[in-house]
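Survey of secondary and tertiary structure
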Amino acid sequence: MKQHPLCTDTEQCLGVMDLAVPPELKREWAALQTRRHFLGRTGKVLGWAAMASLFGDRALRGDAHAPANGQPGTQAGEQLKLPHFAPKAKRAIYLFMSGGPSQVDLLDYKPNLAALYDKDIPDSVRGAQQLTGMTAGQARFPVAPSHWAFKRYGETGTWISDLLPYTARMVDDLAIIKSTNTEAINHEPAIMLMNTGNMNAGKPCLGSWLAYGLGSMNDNLPTFMVLQSKLNTKENNQPVSSRLWSSGFLSSEYAGVGLRAAGDPVLYLTDPNGVDREVRRNMLNAVNEINRQTFEELGDPETHARIAQYEMAYRMQISVPELADLSKEPQSTWDLYGPEAKEPGTFAYNCLMARRMAERGVRFTQVYKRGWDMHDNVTGILPIICQETDRGCYALVADLKQRGLLDDTLVVWAGEFGRTVYSQGGLTKDNYGRDHHPRCFTTWMTGGGVRTGVTYGETDDYSYNVVKDPVTVRDFNATILHCLGIDHNKLTYKFQGLDQKLTGPVPASVVPGLLA
Amino acid sequence: MRLLEDVSASVERLLPASRPIRAQWTASVVMSGSLLLLPFLVRLDGRPHADWQQFLGRFHPLIVHVPIGLLVLVPLLEISGVFRPALREAAEFVLALAFISCLGALTLGFLLAYGSGDTGTGVTHHMWGGIALSITVLLCLLARPWWLLGNETRLYPATLAAMLLVLLWTAHQGGSLTHGNNYLTEYMPVSLKRWVALGNLQANTPGADTFYARHINPILDANCVACHGEGKVKGGLRMDSYELLMKGGKDGPVIVSGHPERSLLLERVTLPADHKQFMPAEGRPPLKPEEIAWLKAWVQQGASPTATTLKGIFIQENAKEAPLKPVGDYSGMMSEILQMESGQGAKLLPVSSKPSDGLILNTVDVAASFGDVQLAQFQKFSPYIVEAELGRTAVTNASFDTLSKFSHLRALHLEGTAVTGEGLMKLAPLSQLTYLNLSGTKVTAAAVAPLDSMKSLRHVYLYNTPAQPATAADSITQPIAKTAQ
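Residues numbered from 1 in each chain as written. Chains lettered and ligands numbered in written order. Predicted model: local features only at pLDDT ≥ 70, side-chain atom pairs only at ≥ 80, totals over all residues.

1. Some details on the overall build of chain A
When helices and strands are tallied, chain A shows 15 helices and 17 strands. Taken over 516 residues, chain A has a buried fraction of 48%. Pairs at least 24 apart in sequence give 76% of the contacts found in chain A among residues at least 6 apart. (Helix = DSSP H or I, 4+ residues; strand = E, 2+ residues; numbered from the N terminus. Buried ≥ 20, exposed ≤ 12 C-beta atoms within 10 Å, placed from the backbone. Contact = placed C-beta atoms within 7 Å.)

Quick look at the structure:
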């Protein structure tokens, strides 16, 4: 019997492995039945649930895609036959506006609302919709027209709010989707739905699906990176948790890797004093060897993920400082992104980092900006957050464009839902609040594969219901995958007896009107 | 008419003395004559007539398939009759049936054209085709007995062959009337199209760079001209040229310059889809909203044949992609490719799961050490490489010699490299190259100027180079509009 690498005693005893049973059975046994696993699992869950998971784990997962048959570092896409067709975009940047930006004040222009100030929104428009607890008790639902004027921009003559002067400059490059709609009305389920295609936690997010399906273009940086923007305490910041960039049931290799907003972008990036690169390498070799032995014995595919992550961390010690070193950026960069881009953690800085990652072959970068949740004081807070984000968005798109990267980079701007046209709380001439609104919200896309200069979908006169070309979250995600050369129905992973996919079991369709 | 005379002549020569046969021939000649006279007696005058005529007439596209099927069957029966005589016996019956159904289809077709007031060269051609076909079938019926008896062995096969040719031509005319002229050729491979149509390809696109030529005419072409064109002229309206469109139809002009609300064309296309007068008629798909918007704006702004742009209308035109040279299947070389990758560190990533989409040369992991020598080692894979990502590598101007042999290259990234543009024009033979990124290099305006001669090269990036200094990129410091309060 082989000595366990973590044991020091050499006591011999006859185990299952020594019996004359077929090797496949031994492997199965090894995967399921070790004391460590048994105790570990039964300790966490009770009764039959524990037994089900104990015996059912491998069976439920299915071996088809288990990383056990693919060594770390190989191209996932090669095993899965991806991309399914020649993609227009090789990589994507997703600017996630957490909290729910107000479409009424930014991109969905409704000139008729001014005349309806403080008039109740007709019941026929609201229908039987269930509202959130925050406004369900309101006696009135008075229309709050946008406080800001809109103007037409670009050759397309698209109406854009005065709050977004920079976005206004690039309207001809955008595909603005006014008919995005979701099923969730509260932040956590809505944000999970946008990011993972399911309101419940535990499913892999878009970035993980891409990492799993398309693999890496740069072995020295993670395939999927996450950048969180600094909080502004004036804003109402809803939590953004690591569940949103979790790999769910996919191997944890495909989870998003976050860079910190302040200090070293990655903790312990530099080796401690006295430990040079060679010592680190030797140590890693030894740990990897131990991990490999453990894998042979236990067959847990997560061991491979762990080995791959250690190796990635080692390479990131070199690649991340280079990535985060902005000293060589020319003055034109700062002219474009604005001075706040020099301060790590700002949205502008993250946009710049996203461009640098795109240049270096990071497959998917997701930038989170929190604070769009404005239940009151819209006129006080919305200008602040627009000022924080507007220029960064424009700078990123313009920068990708001038550097020739926009041809094969998809850029997506979206929140998890929209905001109500009626005021939450008191409505005055100068201020109002807006509650969550799932029935329509405005998003945009640009770059590789996207038809530019279009406004897709229409909402009614109250920016309340979609009246034309609705785009569900499923369709939205299917379209993103399409731009990257993926048929959303074919990128699947067997789990819990189902061929799981990002767009879920309800039929989704790519939106042809958004494609170039 | 000459055909008829020929037939009479041969009848004179071969006419057996028996009376019934003479009667048959007389009846046939009378019938053919009346068929030929029909269009002169009842003229297609371009005006709709009784509804019952249209009602019956609309069964023509259905019934017309009966004679087609039967007629195609006849030669098959005759040929297979060599092996099974019973089949040859059946041919007589099938032929007779075909003739009767031919007359039926012809009648319905005539009712359709007359009843709905269709005119146009396509309609006329189709009508004469149908008449000629009926007569030829009749001839087949008459010639067949001689053939069976062995009196005259060549006349019947010749007539039969002629009948099939007339059938083919007539059916094609009918198909073009129903589906539009370019229905068959729309998705024909370009190479085949060139071979078939030769010079005609140019004729389809009015050369001028006007809004009408680029956007309005194509909408009309795709949706209207099948019924309002040279082939078929419904309601006296033709829309296949600017002049004819502005002339209008039997109800007067369809476009009133500057007044979309008074233009019949816009009225008809914006009716509810189930309205009787909705266009395009007969269940064809309605115009797309943006197409209606373009039409409206075009009429609003004067319906000019020469204006190149319209206010408020911005159409993203996807430049016609040059046909891509297919890439060979590299799957046989996988072991060599993997060997190359492990030796070099640079990777050859498949564009997609289809090998014919080619490979991407990806050097990002070894950029610093990837130079001209390493690039040259990939030359053997050059027929499969469609994209070379050489950004920030150590390649120099010397790489252009190697790259000029990457005949299938569509995108070339050289950003941040030491190339200066000298020898850049060695890339000129790369006819597939559409994307060239030279950002952050030392290329000068003079060095890149000759790139203009590369027709397919549409995306050239020169950001942060002496040719396009970064500082001059854009006056981005101030937004266009100030935030209003």
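2. Digging into the overall build of chain B
A tally of regular secondary structure across chain B gives 17 helices and 6 strands. Within chain B, the proportion of its 485 residues that are buried is 32%.

3. Quick look at helix 10 (residues 211–223) of chain B
Residue and element names in this part refer to chain B. The end-to-end C-alpha separation of helix 10 is 17 Å, in line with the 18 Å expected for 13 residues at 1.5 Å each. Largest kink in helix 10: about 35 degrees, centred on Asn-217, with the proline Pro-218 one to four residues after it. Here helix 10 has its buried residues at Phe-211, Tyr-212, Ile-216, Asn-217, Leu-220 and Asn-223. Looking at the packing, one finds that the buried side of helix 10 touches helix 11 (242–247) and helix 13 (289–300). (Expected span 1.5 Å × (residues − 1). Bend = angle between axes of the 7 residues up to and from the residue.)

4. So, the interface of chain A and chain B
Residue-level contacts link 41 residues of chain A with 30 residues of chain B. Of all elements in the fold, only helix 7 (165–169), helix 12 (331–337) and helix 14 (378–402) of chain A reach the threshold of two or more residues within the side of chain A that touches chain B. Residue composition of the side of chain A that touches chain B, by class: 16 nonpolar, 13 polar and 12 charged. (Nonpolar A, V, L, I, M, F, W, Y, C, P; charged D, E, K, R; others polar.)

5. Examining the environment of Asp-401 of chain B
All names here are of chain B. On the secondary structure map, Asp-401 appears in helix 16 (residues 399–403). Residue Asp-401 is classed as partly exposed on the basis of its C-beta count, with 14 C-beta atoms lying within 10 Å. The spatial distance from the C-alpha of Asp-401 to the C-alpha of Gly-423 is 8.1 Å, given a sequence separation of 22 residues.

6. Considering the sheet that holds strand 1 (residues 347–350) of chain B
Residues and elements named next belong to chain B. Ordered in space as 1-2-3-4-5-6, the 6 strands form an open sheet in which the pairing is mixed. Edge positions in the sheet fall to strand 1 and strand 6 (459–461), since each has one partner strand and no second. Taking each pair of neighbouring strands and ignoring which way they run, the sheet shows an average axis angle of 15 degrees. (Pairing = 2+ DSSP bridges. Axes fitted to C-alpha atoms, helices over the stretch in contact; angles between N-to-C directions.)

7. A closer look at the pairing of strand 2 (residues 359–362) of chain B
Successive residues of a regular strand alternate their side chains across the two faces of the sheet. All names here are of chain B. By the bridge criterion, 4 bridges tie strand 1 to strand 2 in an arrangement that is antiparallel. Within the sheet, the bridge partner assigned to Pro-350 lies in strand 2 and is Leu-359. As paired strands, strand 2 and strand 3 (residues 385–389) are joined by 4 bridges and run parallel to one another. Looking at the pairing, Ile-360 lines up with Glu-387 of strand 3. Between the parallel pair strand 2 and strand 3, the chain is carried across by helix 15 (residues 372–377), and the sense of this crossover is right-handed. (Right-handed = clockwise from strand over helix to strand, strands pointing away.)

8. A few points about the nonpolar core
If you look at the biggest cluster of nonpolar residues, it comprises 124 residues, and the most contacted ones within it are Ala-175, Cys-351, Leu-410, Val-412 and Leu-484 of chain A. If we ignore the near neighbours within four places in the chain, the residues touching Leu-484 of chain A are Pro-83, Pro-87, Ala-89, Ala-92, Leu-210, Leu-214 and Leu-410 of chain A. (Core = buried A, V, L, I, M, F, W, Y, C linked by C-beta atoms within 7 Å.)

9. Observations regarding the confidence of the model for chain B
Residues and elements named next belong to chain B. For chain B, the mean per-residue pLDDT works out to 82, and 87% of the residues sit at or above 70. Within chain B, the lowest mean pLDDT, 57, falls on helix 1 (residues 2–14), and the highest, 94, falls on strand 4 (residues 411–413). Between residues 198–206, whose pLDDT stays under 50, and residues either more than four places distant or in other chains, the model counts 4 contacts. Overall, residues 472–485 carries pLDDT values under 50, and its contacts beyond four positions in sequence, including any with other chains, amount to 23 contacts. The complex prediction reports pTM at 0.67, with the ipTM value standing at 0.80. (pLDDT = per-residue confidence, 0-100.)

10. A few points about the environment of Leu-107 of chain A
Residue and element names in this part refer to chain A. Its place among the elements puts Leu-107 in the loop between helix 5 (103–106) and helix 6 (123–126). In sequence terms Leu-107 and Thr-167 are 60 residues apart; their C-alpha atoms lie 9.8 Å from each other. Setting aside residues no more than four positions away along its own chain, Leu-107 makes contact with Ile-160, Ser-161, Ile-176 and Thr-442.

11. Thoughts on helix 5 (residues 65–80) of chain B
Taking 1.5 Å of rise per residue, the 16 residues of helix 5 of chain B would be expected to cover 22 Å, and the 23 Å separating its terminal C-alpha atoms lies within 8% of that figure. Taken residue by residue, helix 5 of chain B has Pro-67, Leu-70, Leu-71, Val-74, Leu-77 and Glu-78 of chain B as its buried positions.

12. Let's talk about the packing of helix 13 (residues 347–359) of chain A against helix 14 of chain A
In a pair of packed helices, the angle between the axes and the distance between the axes together describe the arrangement. Residue and element names in this part refer to chain A. Close contact between helix 13 and helix 14 brings their axes to 8 Å; oriented N to C, the two are set at 20 degrees. The angle between helix 13 and helix 14 places the two elements in the roughly parallel class. Every pair of crossing elements has a handedness; the one defined by helix 13 and helix 14 is right-handed. Packed against helix 13, whose contacting residues are Phe-347, Ala-348, Cys-351, Ala-354, Arg-355 and Ala-358, the element helix 14 presents Glu-388, Thr-389, Arg-391, Gly-392, Cys-393, Ala-395, Leu-396, Asp-399 and Leu-400 at the interface. (Parallel < 35°, antiparallel > 145°, perpendicular 65-115°, else oblique. Left-handed = near helix turned anticlockwise from the far one by under 90°.)

13. Some details on the confidence of the model for chain A
Where the model shows low pLDDT, its predicted coordinates should not be examined in detail. Model confidence for chain A is summarised by a mean pLDDT of 86, while 87% of its residues fall at 70 or above. Every residue in residues 56–78 of chain A scores below 50 in pLDDT, and together they form 34 contacts with partners more than four places removed in sequence or on other chains.

14. Focus on the pairing of strand 9 (residues 418–423) of chain A
Residues and elements named next belong to chain A. Across the 6 residues of strand 9, 6 count as buried, placing the element largely inside the fold. Of the strand pairs in this sheet, strand 9 and strand 10 (residues 434–437) are connected by 3 bridges, and their pairing is antiparallel. Each residue of the ladder has a partner; that of Arg-419, found in strand 10, is His-436.

15. Here we look at the environment of Ser-431 of chain B
Examined against the element boundaries, Ser-431 of chain B turns out to sit in the loop between strand 4 and strand 5 (435–437). For the pair Ser-431 of chain B and Met-454 of chain B, spaced 23 residues apart in the sequence, the C-alpha separation amounts to 7.6 Å.

16. Focus on the packing of helix 5 of chain B against helix 6 (residues 85–116) of chain B
Residue and element names in this part refer to chain B. Axis separation between helix 5 and helix 6 bottoms out at 8 Å; the angle between their running directions is 160 degrees. Considering their axes alone, helix 5 and helix 6 lie roughly antiparallel with respect to each other. Of the two possible hands of crossing, helix 5 and helix 6 adopt the one that is left-handed. Side by side, helix 5 and helix 6 meet where Val-66, Pro-67, Leu-70, Leu-71, Leu-73, Val-74, Leu-77, Glu-78 and Ser-80 of the first sit next to Leu-87, Arg-88, Ala-90, Ala-91, Val-94, Leu-95, Leu-97, Ala-98, Ser-101, Cys-102 and Ala-105 of the second.

17. Side note on unusual backbone geometry
Most peptide bonds take the trans configuration, and most residues that are not glycine carry a negative phi. With an omega of -5 degrees, the peptide bond running from Met-279 of chain B to Pro-280 of chain B counts as cis. Tracing the sequence through the fold places Pro-280 of chain B in the loop between helix 12 (264–269) and helix 13. Unlike most non-glycine residues, Ser-463 of chain A shows phi in positive territory, near 50 degrees. Counting through the fold element by element, Ser-463 of chain A comes out in the loop between strand 13 (458–459) and strand 14 (466–468).

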